[in-house]
Every structure is written in C-alpha cells, then in structure tokens.
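Coordinate analysis (summary)
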Amino acid sequence: MPEAPESRSLNFIEDIIEADRVTEKHGGRVLTRFPPEPNGYLHIGHAKSICLNFGLGLRYDGATNLRFDDTNPVKEDVEYVDSIREDVEWLGFKWVNEFFASDYFQQLYDYAEYLVQQGKAYVCDLSEAEIRDYRGNFHTPGKDSPYRNRTPGENLDLLRRMRAGEFADGARVLRARIDMQSGNMNLRDPLMYRIRRAHHHRTGDAWLIYPLYDYAHGVSDALEAITHSICTLEFEDHRPLYGWFLEQDAEGKFFRRPLPRQIEFARLNLTYTVMSKRRLLELVKEGHVQHWDDPRMPTICGLRRRGFTPASLRNFAERVGVAKRDSISDVGLLEFAIREDLEKSALRRMAVLRPLKVILTNMGEGEVFELEVANHPDTSHGTRKLQLTREIFIEREDFEEIPPKKWFRLAPGAEVRLKGACLIRCEEVIKDAMGQVVELRCAWDPASLGGDAPDGRKVKGTLHWVSAAHAVTAEMRLYDRLFTAENPMDIAEGGDWRDTLNPHSLEVLPGAKLEASLAAANTGDRFQFERLGYFCVDRDSQPGALVFNRTVALKDSWAKVGEKG
RNA sequence: UGGGGAGUAGCCAAGUGGUAAGGCAGCAGGUUUUGAUCCUGCGUAUCGAGGGUUCGAAUCCUUCCUCCCCAACCA
C-alpha cells in the first residue's frame, strides 16, 4: 500500500479538490478514475496518471475506478485489459469499481436518441472527406452540413436504422449540433456515433454503431459520479465539449448534478526515451527491443522486469510533481528513485562481471577459510557465509598495470582489501602471448583475516571478489539508455528519431562469477552486487543457468574523475 | 492572421502583492571494509522581455516574444 502522503506543497489539482471540499461541492466526496484504452501496454507516463488518480482517492478518503475506454473495437483487445489490470495492481493500487465504457453502450445510445429528439444531434450523410471539408480549418469557419436541419423525427428514424444495420459502414454518422463557426474545432458539430461492423472484445457483434471518445467519456464519468476527471493537456480544448454533452444530458435528468469536472495536467516525458505508444510499438516491431517488456522499455512491464519496485515508481511520480507545463523529466530522477528504494532493502552480494584470476600464492591448495559477512550495512539484515580460497576472481577493471593518479585499487606492488576477507598485495602480473593480463599473483596477509592488519596499516581500496572453486557462472545483462539523445523526438533536419538509438543499450556478459549463495536465487529476486549496482534475476533464468538484469548501476564518482582526466 | 494552454536555476517544482520552498543533477568537505550509503556546506535564479500601478510586483494591468496542443468516422 502506498505510504501516507508526506507533507509537501499541494499541486494545483489538490488545490481544486480542497476548494471543492470547502464548498462541499460534491458533499466532500472524491471519486477519480483511471481510464485507459485497452489498445496497448501501459508505460511510466500512465504510471504517473495512475499514481495521481489513485493517490488523490487515497489522500482525500475517496476512491478510484478503473475504467477501460473501449469505444473503438478495431484497436482493442482483452490481452491489453489483462496487462493493464496487472500493472495497476502491481503498482500497489486497488480500484473500487471496474467498468468498461462498453458497459454504457445502451445508455449512451438512449441519451443520443434524447439529444436527437431535443434537436441537439442529427444524422449526417456527408462522406468522411466532405465532413472534413465542411469543417473548415483554423482560418476558415465551417459550413453547415446540408443535413443539419433534418427534423428530429427524421433523425430519430435514421439513427435507429443506423443501429439496425441498414446502412453501410461510414455511410452516415450522428453528430452533435453545436456551432460550425466555433474557433474551437471540437465544437464544429463533432461526431457522436459512427457505423462500424467490427467485433467488440466484450459486446461482440451486438452493436454496429460505436460512440466516439468525446461523447462516451464524459457520460461515462457522469454515470459513475466521478467528481474530478483528470486527463492530459491535449484534451484542454475538449473541455467545452465535455461540458456541453454533460449539460445536455443533465437537463434530460439522466444524471444528477454536480457534474464531474475535467482537469488537465502535463503528461510525463523522460530524457533519453520515447513515450508515445506508436513509437514504442515501432521499437518492438522493428526489433530494436525484444518485446514490450524488454528491460530497456519505459513500459511498466519493462521496468518491472528491469527490477524497478512499485514503491520506486510511486516515489518517482511523487517527485516529478503535477503541473500544466510541458516538461521533460530527467531520467536520472527515475534512477535516483530506484536506488533510494533498493539501497534500503536489497541484500548485498558479491559478483564479478568480468573475472580476472588471482592466485593467493601463500595460501595452501585446497585451503578454505569460511567467513561470515553482513548481508547489508544495516546489520539487522543478518549474515551469510563466504569462502576464501587460494584461487579467486576479481573485477578485471579493478587492476591497472600502470595506475592513474588517486587509484585506490589493485596495481603491481599495491595492497587492497578483499571485502569481508583480508588484505592482499599484488606481487606478479602474468600475461599471455598477446600481452594481455591473464592472472595476478598476490600475497595475502593471514593476520588481516576478517578485519584490519594488526600493525594498523590502512588500505584505501576494497574490492569485491569470489572464490573460483565456489563461484557459480551467470549471464549478466547490462542496460543503458535506449537513446543517445536527451530528446530523441527533437529531430534534426532530414533525420529520424531512430538515428539516436543507442547501439550499446544492451551488453550481455555470459561469464560472470557469483558467490555461491546466489545459486538459489529465484526470478524477481533483487540484490545489490557490491560496488556494481542493483541486479535482479530475469525470468529467462534457470537453475544452473542464472540470468541477471542490471536494474541500475551504483553512483560512480570515480568514473567522473576519469571523465575529467 | 482562429481557438486553447504554458513560460521561476541544468531538469522538475512551490509561490496566489510583503521582499524567491523543496527534490534531482552538479561542486566541495567529513564518515565509511561498497570511490555506494550517510552527514555538512555550496546556487548573487535579469522569476520569458519591455512598460505601468503600488511604499512594495514572480504575483495586478499592458504590450510584445517563445514554446505546446487542436482541422481522425483515434483516444
């Protein structure tokens, strides 16, 4: 369950709600809704909306509905309904009611007949192209459709015959009779119904006409007695239309006042990624990523597989805030959110990504020192056993034959600490015919076992390591940002958003060496591999063939020193 | 040239006439058996620009500039 709202300044939607509570507009009631169209997978932008809507419900002792906006049968599918439920649940939210816009098809239709009878809607025979033409544009007012003044009786007859299937798809539409001269294009007699002989994932073939978003959405909100209907900025100029439909139907006493209010906020954008469903789909279709749940994807399922926690996503949503300004949030904030959560909870383990063999020359063959080490700097997380043996692996990049300035790690003649074990000093570097370092010969200080050297000498570096005899081999999948550009959609002349795809967004390391205790890790388990980052067991993992995803690396201030030269 | 929105530090974001919160990033230092975490300190923010009102303006008025959305039988 999400944590109690911390003290922070209110966002503008909370201001609105609190003002409504003061005036008792809805009798103090707060009911929001999360209304996805089940035509694709949810991404982190949806997560922001989910956290906003459900967060408001929780904060104001209200509730939130999950409503599938399924008014366009050709694009929707149950597959998506299931994944959406799963994602919302995984984020930690419970909806008080689950509805589908299609639940309201009959009411929507009945109200449409009412609007026709009131002379507020009419059946239009213009073709799609003609409608576009008659609508005019930003600089030219629209022209009335020649069918605009049909009598209510004629319209009702036509609407019923549309429903009965007497006309071909696209032959006629039902339109709201508003204002063809409006500066707001949405008010130039918007479409309410189209004829579509398509199989609907829930209503099957019961309907041949389907309502459009602008008509269906507001009515659905009102039927559910939603108090605050939150959507994104691009719907701002739909608001008058939202109000118009609700007002007409309220006059017809189809639902009670006060009517729900539409409020718009800025959708989430993230640096180094794309967020539109269409672009995401292209990434999948064109094979730039494996699937919707590829750990590089900003989808909720992708982030889940990558190792993100629900709490980290909720905290992230809380931190980016809610406002009306178009913005692009720094993906670094997302990385901060997951590190913040995992730092507290992930058990520490040792894993060597790119192994370099080290022989402890003064340790006996077959000798095994068993060590008990803490699972976490917070010792309440308990301990585990580690084995120290003559042959170990350390990280290849923890050794430099000619170390740069301020190098704390291993180098010829240098002494470092093996985390949780002992001090070792590098005495010899073994190379192959190509001159590559293949092995290090080091001397260990038995007196330092499990602690410091008795003579009080200090070392600056502490390395992670694993016993060669005990280590298990695993595949490591290291992820980097999918794009090299902060805003891939900010395309240069003649360029394509795909141009900035990062060719190194996935690096697979097949021969990583892990401490023995990790052999029993299960899919989804998360760990911090000391000095490296947070990792989780991928669903591709098998006993004996472990696969880990790197969720996020640890902050690395040494790397920054390197960058600066 | 129509309608609707938005401009506060590198990125988010408070602020609603009384003298610019907070977070992330960055920088410096301290602690540390993770170069992590943690702790401390660090930003003269032309509050998009100009003009005006006011004792006092990010907040009010005015002119202008920039950016975003809208012309699907998509949502």
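A short tour of the structure in this document, coming up. (Residues numbered from 1 in each chain as written. Chains lettered and ligands numbered in written order. Predicted model: local features only at pLDDT ≥ 70, side-chain atom pairs only at ≥ 80, totals over all residues. Heavy atoms only, no water.)

Attention now goes to the protein's contact with RNA strand B. Residues in close proximity to RNA strand B total 66 residues, the closest being Arg196, Arg325, Arg348, Gln528 and Lys560. Backbone sugar and phosphate groups make up 62% of those atoms of RNA strand B lying within 4 Å of the protein. In the environment of RNA strand B, a phosphate oxygen lies 3.2 Å from a nitrogen or oxygen atom belonging to the side chain of Arg135. Here a base nitrogen of RNA strand B and a backbone polar atom of Phe138 are 3.2 Å apart. Within the residue set of the surface near RNA strand B, elements represented by two or more residues are α5 (128-135), β6 (191-195), α11 (310-320), α12 (331-345) and α13 (557-563). A total of four residues in the surface near RNA strand B trace back to one element, the largest contributor, which is α5. (Near = heavy atom within 4 Å. Polar contact = N/O pair within 3.5 Å; in protein donor to acceptor, adjacent residues only side chain to side chain. Helix = DSSP H or I, 4+ residues; strand = E, 2+ residues; numbered from the N terminus.)

Judged by pairing direction, the sheet is antiparallel, and its four strands sit side by side in the order β4-β5-β6-β7 without closing on themselves. The sheet is open, and its two borders are formed by β4 (121-124) and β7 (209-211), each paired with just one other strand. For this sheet, the mean inter-axis angle between neighbouring strands, taken without regard to orientation, is 20°. As defined by bridge partners, strand β5 (residues 173-176) adjoins β6 across three bridges and the pair is classed as antiparallel. Paired with Leu174 across the bridge in β6 is Tyr193. Set on the sheet, helix α4 (residues 105-117) makes contact with β4, β5, β6 and β7; between it and β6 the angle comes to about 115°. (Pairing = 2+ DSSP bridges. Axes fitted to C-alpha atoms, helices over the stretch in contact; angles between N-to-C directions. Contact = heavy atoms within 4.5 Å.)

Let us look at the pattern of salt bridges. Enumeration according to the criterion identifies 53 salt bridges in this entry. The salt bridge involving Arg150 is made with Glu154; its shortest N-O contact spans 4.0 Å. Note on Glu154: relative accessible area 36%, which makes it partly exposed. The closest approach of N and O atoms between Asp294 and Arg296, which form a salt bridge, is 2.9 Å. We note that Asp294, like Arg296, is buried. Among the charged side chains, a salt-bridge network with shared partners connects Asp293, Arg305, Glu475, Arg477, Asp538, Arg539 and Asp540. (Salt bridge = Lys/Arg side-chain N within 4 Å of Asp/Glu carboxyl O. Buried < 20%, exposed > 50% of the residue type's maximum accessible area, 1.4 Å probe, protein only.)

Moving on: the environment of Lys94. Position of Lys94 relative to the elements: it lies in the loop between α3 (78-90) and β3 (97-100). Look at Lys94 and you get exposed, because its relative accessible area is 68%. The spacing of Lys94 and Leu174 is 80 residues in sequence and 37 Å in space, taken between C-alpha atoms.

Of the two faces of β4, the one lined by Ala121 and Val123 and the one lined by Tyr122 and Cys124 are each fully buried. As paired strands, β4 and β5 are joined by four bridges and run antiparallel to one another. In the strand pairing of β5, Ala121 is matched with Ala176.

One ladder, built from three bridges, connects strand β10 (residues 347-349) with strand β23 (residues 526-529); its direction is parallel. What sits directly across from Arg349, in β23, is Phe529. Relative to strand β24 (residues 533-537), β23 is paired through four bridges, and the arrangement is antiparallel. Pairing of Phe529 across the sheet is with Gly533, part of β24. Hairpin geometry of β23 and β24 is characterised by an intervening segment of three residues between the two adjacent antiparallel strands and by a positive phi of about 70° at Arg531.

Under the counting rule described, the total for this entry stands at 22 aromatic pairs. Ring geometry for Tyr109 versus Trp207: centroids 5.9 Å apart, planes at 55°, classification tilted. Of the two residues, Tyr109 is situated in helix α4 and Trp207 in the loop between β6 and β7; the sequence distance between them amounts to 98 residues. By relative accessible area, which is 2% here, Tyr109 ends up buried. With a centroid separation of 4.6 Å and 25° between ring planes, the pair formed by Phe529 and Phe535 is classed as stacked. On the accessibility criterion, Phe535 (1% relative accessible area) is buried. (Phe/Tyr/Trp six-rings, centres within 6.5 Å; stacked < 30°, edge-to-face > 60°.)

Compared with the 21 Å implied by 1.5 Å per residue over 15 residues, the 22 Å span of α12 between its first and last C-alpha is a close match. Within the sequence span of α12, burial applies to Val331, Leu334, Ala337, Ile338, Arg339, Asp341 and Leu342. Between a side-chain oxygen at the N-terminus of α12 and the backbone nitrogen of Gly332 the separation is 2.8 Å; the capping residue is Asp330. (Expected span 1.5 Å × (residues − 1).)

Moving on to unusual backbone geometry. Following Arg257, the chain continues into Pro258 via a peptide bond in cis, with omega recorded as 0°. Although it is not a glycine, Asp189 adopts a positive phi angle of roughly 50°. Assignment of secondary structure puts Asp189 in the loop between β5 and β6. Overall, the relative accessible area of 0% leaves Asp189 in the buried class. Here Tyr272, not a glycine, exhibits a phi torsion of approximately 60°, which is positive.

Ranked by size, the top nonpolar core spans 37 residues in total, and within it Leu159, Leu174, Met192, Tyr193 and Tyr215 carry the most contacts. Secondary structure elements with two or more residues in this core: α4, β4, α6 (152-164), β5, β6, β7, α7 (213-223) and α8 (239-251). The element that contributes the greatest number of residues to this core is α4, accounting for eight residues. What Leu159 contacts, discounting residues up to four positions off in sequence, is Tyr109, Ala112, Glu113, Val116, Val123, Leu174 and Ile209. (Core = buried A, V, L, I, M, F, W, Y, C linked by side-chain atoms within 4.5 Å.)

Its location among the elements puts Asp538 in the loop between β24 and β25 (546-553). Judged by relative accessible area, which is 0%, Asp538 ranks as buried. Side-chain polar atoms of Asp538 contact the side chain of Arg305, separated by 2.8 Å. Here the side chain of Asp538 touches Arg477 through a polar contact of 3.4 Å, side chain to side chain. The contact partners of Asp538, leaving out residues within four places of it in the chain, are Arg305, Arg477, Thr523, Val547, Phe548 and Asn549.

The analysis is restricted to geometry; functional conclusions fall outside its scope.
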